[in-house]
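The primary structure of each chain is shown beneath.
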Amino acid sequence: MYKAMIVDDEPAIREGLSSIIDWGDCGFRIVDTAGSGREALEKFEEHQPELVIVDIRMPGMSGLEVIRSIREMNSEPFHFLILSGYADFDYARQAMGFGVDGYLLKPVDEEEMTAELKRVRRSIEDEKENGKWGGASHHERDWIEALLFPVQADGAIRNAIELGSPLDEGTRQAEQHGQHLALPALDWDSYQIILLDLRIPDWDRQARQAAAKQRLAEMCREQGRGMVFEAGIYTGLLLPATVKTEEKAAALLAAWRQELKLWATEIYAAAGDPVAKLTDIPSSFEQALRLLERTFLFGMERVMLSSDLHQLEAMNVDMDEASNKTADPVRYAEKLYYALDMASREAALRVLKEMKVQFPQVYRTEAAIKAAFAQAFTLALNKYATGQDQSRAVLEEHSSLITDVYAHSTLGELVDHSVEHILQWIGQTDSGDKEIIMKQMVDFIHSHYDENLRLELLADMFNYNSGYLGKLFKSHTGEAFNAYLDKVRIERARELLAQGIKVHQVAGRVGYANADYFHSKFKKYAGMSPSSYRNRVQNDGGTDGC
């Protein structure tokens, strides 16, 4: 049972979360609660909980400051879930940079909270089994000791390997007295470790996991080779060198998925390189473990091989500064927002596909990649909602696009689910017809004339060469893109000047950062300076004499 602490300045929230959630079923127990950031830091030092659920907006010390302080003072991979109101999306975006596990919108939904807690529990189990909390996994030590120090009581070792149970005390005493005999079952020409990540529903989990392992052991006996062992949260197979080609890797995974479909909803697998000596088995194990820890990136339809890891590492080595700029979540948020605002299915798909390729090259770890997606989605949604009449309703309807980022096991699942959500959001099929695109561009300019619009950005959105798109636009409107944009801006400027607004204020409102530049543009299209125009309209009683 892992420790959890609730931090919120509202007593009703603290009491409600403590009582409505079945914390034991989720794998946690509440060790304490705190009503402020300062109190949270004091109680955190006392209890060292693996999980902190913290309100993002609190008086005095915000939830972000609490998270940052804990991160700075501790090296252990503590986990955080943040509580956020619908108006706190900017805060939530900042939290993504702190490596939070996810956030829940108030009022907290019991089912959603339970699902998040179970997901975090699995992450903690994974980290503890893999030694990320200051110690090597006892499961890993048990099976390696059993393989490297076989004893005369080979039945006990076989039981430890096949059934996943640790060695009993009698077996350990035998080891200590030097009774080390090789097991005939391990007298092979080569050895290979394959680790399986069995995704088993939380309900009836223990029984299902035991049944799945039993079936694997039966398959080994039927083939006359191989042993099953427990490796932390994973299930391990020790086999003679079995998986050497991608074809064999695909066939094996398909067979396991078929045989274990009654118990596991999904299976991911990784194989270490074959080794010639029994004492080299740990190196095969380490390779398989490193691969399986990258399931989020691969998500393959076959057993992952060491060549996959080499390919990923080579890709990371080739990274440069330009790639970091290319994968900026803010940049993709802007592109996604424009795609949503223009209701362009094609553009939205292209943005998501680019994110799928670019983000892993820069952020590399599952947590960092998910944070980048969540940040891009948060910015895009927040900006889109700001321009809508029912902004709160928009946030409520589409906030799951952000929170669901943390629920997916693989990058492919994350992107596929996001595509499905966004296409439903857009609610139409984009035919890509040139007339439709031109109409979308014109409508977009009239809606966003006050922003830093560039033809290159829109060309990127519609997957056109900017020069070609410029020709299409001129053919459709009779004006070059920049000239059309200037005319729309100047027309709006006329309206604002007629209201008596100062020239420099009007310049900023219609998209010109430089007042002098606005002055020259206005004079070009209106035939007089902005100030002269304003004075003339006001003297004429508010009518435009031009």
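Residues numbered from 1 in each chain as written. Predicted model: local features only at pLDDT ≥ 70, side-chain atom pairs only at ≥ 80, totals over all residues. Heavy atoms only, no water.

(A) Structural context of the nonpolar core. Ranked by internal contacts, the top residues of the largest apolar core, which has 119 residues, are Phe-28, Ile-53, Phe-373, Met-441 and Phe-518. Here this core gets 11 residues from one element, more than from any other, and that element is helix α18 (residues 366-386). Setting aside its immediate chain neighbours within four residues, Phe-28 contacts Met-1, Tyr-2, Lys-3, Ala-4, Trp-23, Leu-51, Leu-117, Val-120, Arg-121 and Ile-124. Counting residues in hydrophobic clusters, the runner-up holds 24 residues, among them Ile-194, Met-219, Trp-256 and Ala-271. (Core = buried A, V, L, I, M, F, W, Y, C linked by side-chain atoms within 4.5 Å. Buried < 20%, exposed > 50% of the residue type's maximum accessible area, 1.4 Å probe, protein only. Helix = DSSP H or I, 4+ residues; strand = E, 2+ residues; numbered from the N terminus. Contact = heavy atoms within 4.5 Å.)

(B) Here's a closer look at helix α23 (residues 455-462). By the criterion of burial, α23 is predominantly enclosed, with 6 of the 8 residues buried. Listing the buried residues of α23 in full gives Leu-455, Leu-457, Leu-458, Ala-459, Met-461 and Phe-462. Looking one or two places after α23, you find Asn-463, whose phi comes out positive at around 60°.

(C) View of helix α17 (residues 345-363). For α17, with 19 residues, the first-to-last C-alpha span of 27 Å sits near the 27 Å given by 1.5 Å per residue. Within α17 the residues assigned to the buried category are Ala-347, Ala-348, Leu-349, Arg-350, Val-351, Leu-352, Met-355, Gln-358, Phe-359, Pro-360, Gln-361 and Val-362. Remark: Arg-364 follows α17 within two positions and exhibits a positive phi of approximately 70°. (Expected span 1.5 Å × (residues − 1).)

(D) Here's a closer look at the pattern of salt bridges. Scanning the entire structure with this criterion turns up 24 salt bridges. Linking Asp-443 and Lys-439 is a salt bridge whose minimum nitrogen-to-oxygen distance equals 2.9 Å. Within this pair, Asp-443 and its partner Lys-439 are both found in helix α22 (residues 434-448), separated by 4 residues, close to a single helical turn. Here the residues in one salt-bridge network are Arg-215, Glu-218, Glu-222 and Glu-259, joined through shared partners. (Salt bridge = Lys/Arg side-chain N within 4 Å of Asp/Glu carboxyl O.)

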